[in-house]
There are 2 protein chains.
Amino acid sequence: MKIDPDSPADLSAQIAGAIRDAIVDGTLIVDERLPSEAELAEHFNVSRPTVREALKRLAAQSLIRTQRGATGGAFVNRLSFEAAYPQQITTSTLLLSMNAVKFETACEARYALERACAPLSAERRTPDHLATMRAEIHRQGQPGLTDEAFCASDVAFHRALVDGACNPVLSYQLAGAVEAMQPLMNMITFTARSRSRIVEIHTAIADALEEHHGLKTQEALSSLEQETQALATSVFEAKARAASE
Amino acid sequence: MKIDPDSPADLSAQIAGAIRDAIVDGTLIVDERLPSEAELAEHFNVSRPTVREALKRLAAQSLIRTQRGATGGAFVNRLSFEAAYPQQITTSTLLLSMNAVKFETACEARYALERACAPLSAERRTPDHLATMRAEIHRQGQPGLTDEAFCASDVAFHRALVDGACNPVLSYQLAGAVEAMQPLMNMITFTARSRSRIVEIHTAIADALEEHHGLKTQEALSSLEQETQALATSVFEAKARAASE
DNA sequence: GTTTTCTAATTGTCTGGCATTTGAAAGGCA
DNA sequence: TGCCTTTCAAATGCCAGACAATTAGAAAAC
């Protein structure tokens, strides 16, 4: 692990990179303790604050955790799917909002990916997954639900669908696509009629999964995509009209 | 933006969180300049090193960039898909290796997601995408190619397939699934026969995309999945036998 | 043998300072 | 006036040293 003090990059970034590489290529293994900040400072020939900045960079990516006290120090984290979720969702959300991704594009990606989960979910979904979906459907039918709460419930429903595939890699990759849509969905005001239509399709999805019917699930998802796209189009057109008046 | 000095969490983590929230909810907009480190230190009632640690955390997530000099400072980054790719790939790779995800599980997720792209890619792929795929197929047929180079070419081929959908959200989400598989694939030694079989299926995929045939593309991808799974199984079994002797 | 106290190690934070970079203003020159 | 050079000030990058807070283990007291 060497760094170049004449490089244009920050020393702390170089040090963070060196340690990250060591973690990725297996030189540093999970739960291994890194040298203390003072030792790292000596090793890299920099000051302790610089080492600390490097360690904070790694901590921000959940690659390490720190612990105070006599036997404390920085330890290589076992990067869990649970820990990676929020990061993934924050990044995806910002990508959508900062790059002005069209609702249409994000929606298309989301439903394409969900359809990919459908056959697996139809095969493996547990009664728990079904129960979650039914509960969310019930909630979505409640009158007086705010649009935001409706969207949140929608996300929970789709999360259950994806988790039904019992493949953590899929769940992780999908988390970004599904959750990041929520801010976009929140721009939509749902009429009672569109809500009931969505609840209807959600019911069809749950039914299809219950009878282990992957194809039917995919078809229902496609209907839901069309419905969502149409709804978004009409809402955005109405807003555009209102703005131009 | 307030922080609680009595919280168990690090001050730098709290400050980073406060600024991150401001970026996510739009209080801070792209390319906006944050207050200087000294001003932030005063605002949060902490010292400059603490502020710096917070800023490094944000920089590690590409949320801000810093610039030295008279008009320098920390600026909110426009998080681009390109910048998010490496992060996504590093995280996905570590998730697979650290959680001992089975080859089978990762492979299943990857091909499920790729099949999701197939119909869109069949519809929208440009001649450029096709040319990339054909070029990689050609490379894969070259004798004397190392297993690693073969895998890298395989990844490039599949990247082109995914990019063919012309949906940046899909490309981003898939990058993790496709690239993170590479270390797992590198554990496989490809015989000449298995290589030619893979090249054959790749050709079928390219052909199907060329004639805008989504279903055929999906079917070819399913064959490829089966082929890959079978190959992996035999390789791992051989290794297990060799180890037990 | 158990509880309490002490101690050493380590991270968390602060103060103060210097080095480096960089844009912009001030000044000089044609 | 217009262009070039110099100077300056603001900001980040980095360092040295110190103290506070936390924690586990060792030592001491009971």
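Rules of the game
- Per chain, residues are indexed from 1 in the order of the written sequence.
- A letter from A marks each chain and a number from 1 marks each ligand, given out in the order of writing.
- Only residues with pLDDT of at least 70 are given local features in this predicted model, and only at 80 or more are side-chain atom pairs given and counted; all residues enter the totals for whole chains, interfaces and linings.
- By convention in this description, side-chain values take in all heavy atoms of the structure and omit both hydrogens and water.
- Helix and strand assignments come from DSSP, with helices taken as H or I runs of at least 4 residues and strands as E runs of at least 2, each series counted from the N terminus.
- Computation of the radius of gyration draws on C-alpha atoms alone. For the globule rule, the value is 2.2 Å times the number of residues to the power 0.38.
- Whether a residue is buried, partly exposed or exposed follows from its accessible area with a 1.4 Å probe, protein chains only, as a fraction of its type maximum: under 20%, in between, or over 50%, in that order.
- Lines fitted to C-alpha atoms define the axes, with helix axes restricted to the stretch in contact, and inter-axis angles between N-to-C directions lie between 0 and 180 degrees.
- Each angle is binned into one of four classes, with values under 35 degrees roughly parallel, values over 145 roughly antiparallel, values of 65 to 115 roughly perpendicular, and all other values oblique.
- When the near helix sits turned anticlockwise from the far one by under a right angle, the crossing is termed left-handed; a clockwise turn instead gives a right-handed crossing.
- Between two residues, a contact is recorded if the distance between any of their heavy atoms is within 4.5 Å.
- Only residues with pLDDT of at least 70 in both copies count here: their C-alpha atoms drive the least-squares fit that superposes the copies.
- For this description, a residue counts as near a given molecule or strand if any of its non-hydrogen atoms is within 4 Å of it.
- Whenever two N or O atoms come within 3.5 Å, that pair is a polar contact, provided that in protein one can donate a hydrogen and the other can accept it, and provided that, for residues adjacent in sequence, both atoms are side-chain atoms.
- Under the scheme applied here, ten amino acids are nonpolar (Ala, Val, Leu, Ile, Met, Phe, Trp, Tyr, Cys and Pro), four are charged (Asp, Glu, Lys and Arg), and all others, including Gly, are polar.
- For the purposes of this analysis, a disulfide is any pair of cysteine sulfur atoms at a distance within 2.5 Å.
- The definitions used throughout rest on a 1 Å grid laid over the protein atoms alone, on which a cavity is an enclosed set of points accommodating a 1.4 Å probe that cannot get out and a pocket is an open set flanked by protein within 12 Å on both sides along at least five of seven lines; lining residues are those having an atom within 4 Å of a point.
- Grid points are joined across faces, edges and corners, and a volume is the space filled by probe spheres set on the points.
- Stacked, tilted and edge-to-face pairs are distinguished by plane angle, under 30 degrees for stacked and over 60 for edge-to-face with tilted covering the rest, among Phe, Tyr and Trp rings (Trp via its six-membered ring) whose centres lie within 6.5 Å.
- Whether a charge sits over a ring depends on NZ of Lys or CZ of Arg being within 6 Å of the ring centre and within 35 degrees of the ring normal.

**Q** Honestly, the overall build of chain A in this entry has me stumped. Any pointers?
**A** Along the backbone of chain A there are 11 helices and 2 strands. Ordered by position in the sequence, the α and β elements of chain A form the string α-α-α-β-β-α-α-α-α-α-α-α-α. Rg of the C-alpha trace for chain A: 23 Å, well past the compact-globule value of 18 Å for 245 residues, more than 25% over. Counting only residues that meet the buried cut, chain A has 52% of its 245 residues in that class.

**Q** Whenever I open this one, the packing of helix α1 (residues 11–24) of chain B against helix α3 (residues 48–60) of chain B confuses me. Can you help?
**A** All names here are of chain B. Running from N to C, α1 and α3 point in directions that differ by 50°, and their axes come no closer than 8 Å. Comparing their axes, α3 and α1 come out oblique. Handedness of the α1/α3 crossing: right-handed. Across the interface between the two elements, L11, S12, A13, I15, A16, I19 and R20 from α1 touch T50, E53, A54, L55, R57 and L58 from α3.

**Q** Can you walk me through the relation of the copies chain B and chain A in this structure?
**A** Comparison of the two chain copies shows a relationship of rotation about an axis with a shift along it. With an RMSD of 0.1 Å, the fit of chain B onto chain A corresponds to turning through 180° and sliding 0.1 Å along the axis. Here the transformation between the copies is reduced to the relation of a two-fold axis. Taken as a fraction of all interface residues of chain B, those also at the interface in chain A reach 100%, which identifies the copy contact as same-surface.

**Q** Would you mind showing me how to read the environment of L94 of chain A here?
**A** By the secondary structure assignment, L94 of chain A is in helix α4 (residues 81–98). Here the alpha-carbon distance between L94 of chain A and A180 of chain A, two residues 86 residues apart in the chain, equals 8.2 Å. Apart from the residues lying within four places of it in its own chain, the contact partners of L94 of chain A are N99 of chain A together with I23, V24, L63 and L79 of chain B.

**Q** Even after reading the chapter, I still don't get the protein's contact with DNA strand D, so can you show me in this structure?
**A** Taken together, 23 residues are adjacent to DNA strand D, and L11, T50, R68 and A70 of chain A together with R68 of chain B come closest. In DNA strand D, the atoms that sit within 4 Å of the protein are 75% sugar and phosphate, with bases accounting for the remainder. D10 of chain A is positioned such that a nitrogen or oxygen atom in its side chain is 3.4 Å from a phosphate oxygen of DNA strand D. Side-chain polar atom of T66 of chain B to a phosphate oxygen of DNA strand D: 3.1 Å apart, as the coordinates give it. Broken down by secondary-structure element, the contributors of at least two residues to the surface near DNA strand D are α3 (48–60) of chain A together with α3 and β1 (64–67) of chain B. The biggest single contributor to the surface near DNA strand D is α3 of chain B, with 3 residues. Across the surface near DNA strand D, the residue classes break down as 4 nonpolar, 10 polar and 9 charged.

**Q** Hey, could you run me through the state of the cysteines in this one?
**A** As used in these notes, a disulfide is a covalent bond between sulfur atoms, one from each of two cysteines. Residues and elements named next belong to chain A. Taken as a whole, this structure holds 0 disulfides over all chains when the rule is applied. With no disulfide of its own, C117 has C166 as its nearest cysteine by sulfur position, at a separation of 11 Å. Here C117 falls in the buried class, since its relative accessible area comes to 0%.

**Q** Would you mind going over the layout of surface pockets with me for this structure?
**A** By volume, the largest pocket amounts to about 570 Å³. R52, K56, T66 and R68 of chain A together with D10 of chain B are, among the 26 residues lining the largest pocket, the residues nearest its centre. For the lining of the largest pocket, the elements supplying multiple residues, two or more each, are α2 (37–44), α3, β1 (64–67) and β2 (73–76) of chain A together with α1 and α3 of chain B. Looking at which element gives the most residues to the lining of the largest pocket, the answer is α3 of chain A, with 4 residues. Of the residues in the lining of the largest pocket, the class split is 9 nonpolar, 9 polar and 8 charged.

**Q** For this particular structure, what's the right way to read the packing of aromatic side chains?
**A** Aromatic rings considered in pairs are described by the distance between their centres and by the relative angle of their planes. Applying the stated rule across the entire model yields 8 aromatic pairs over all chains. Ring centres of F103 of chain A and F236 of chain A lie 5.8 Å apart, and the angle between their planes is 75°; this geometry places the pair in the edge-to-face category. Within this pair, whereas F103 of chain A is found in helix α5 (residues 103–124), its partner F236 of chain A is found in helix α11 (residues 214–244), the two being separated by 133 residues in sequence. Look at Y85 of chain B and Y172 of chain B: their rings are 6.2 Å apart centre to centre, the planes differ by 55°, and that puts the pair in the tilted class. Of the two residues, Y85 of chain B is situated in helix α4 (residues 81–98) and Y172 of chain B in helix α8 (residues 168–179); the sequence distance between them amounts to 87 residues. Grouping residues by exposure puts Y85 of chain B and Y172 of chain B together as buried. Feature note: the residues F81, Y85 and Y172 of chain A constitute an aromatic cluster, connected by ring pairs. Lying across the ring of Y111 of chain A, R110 of chain A places its NZ or CZ 5.3 Å from the centre.

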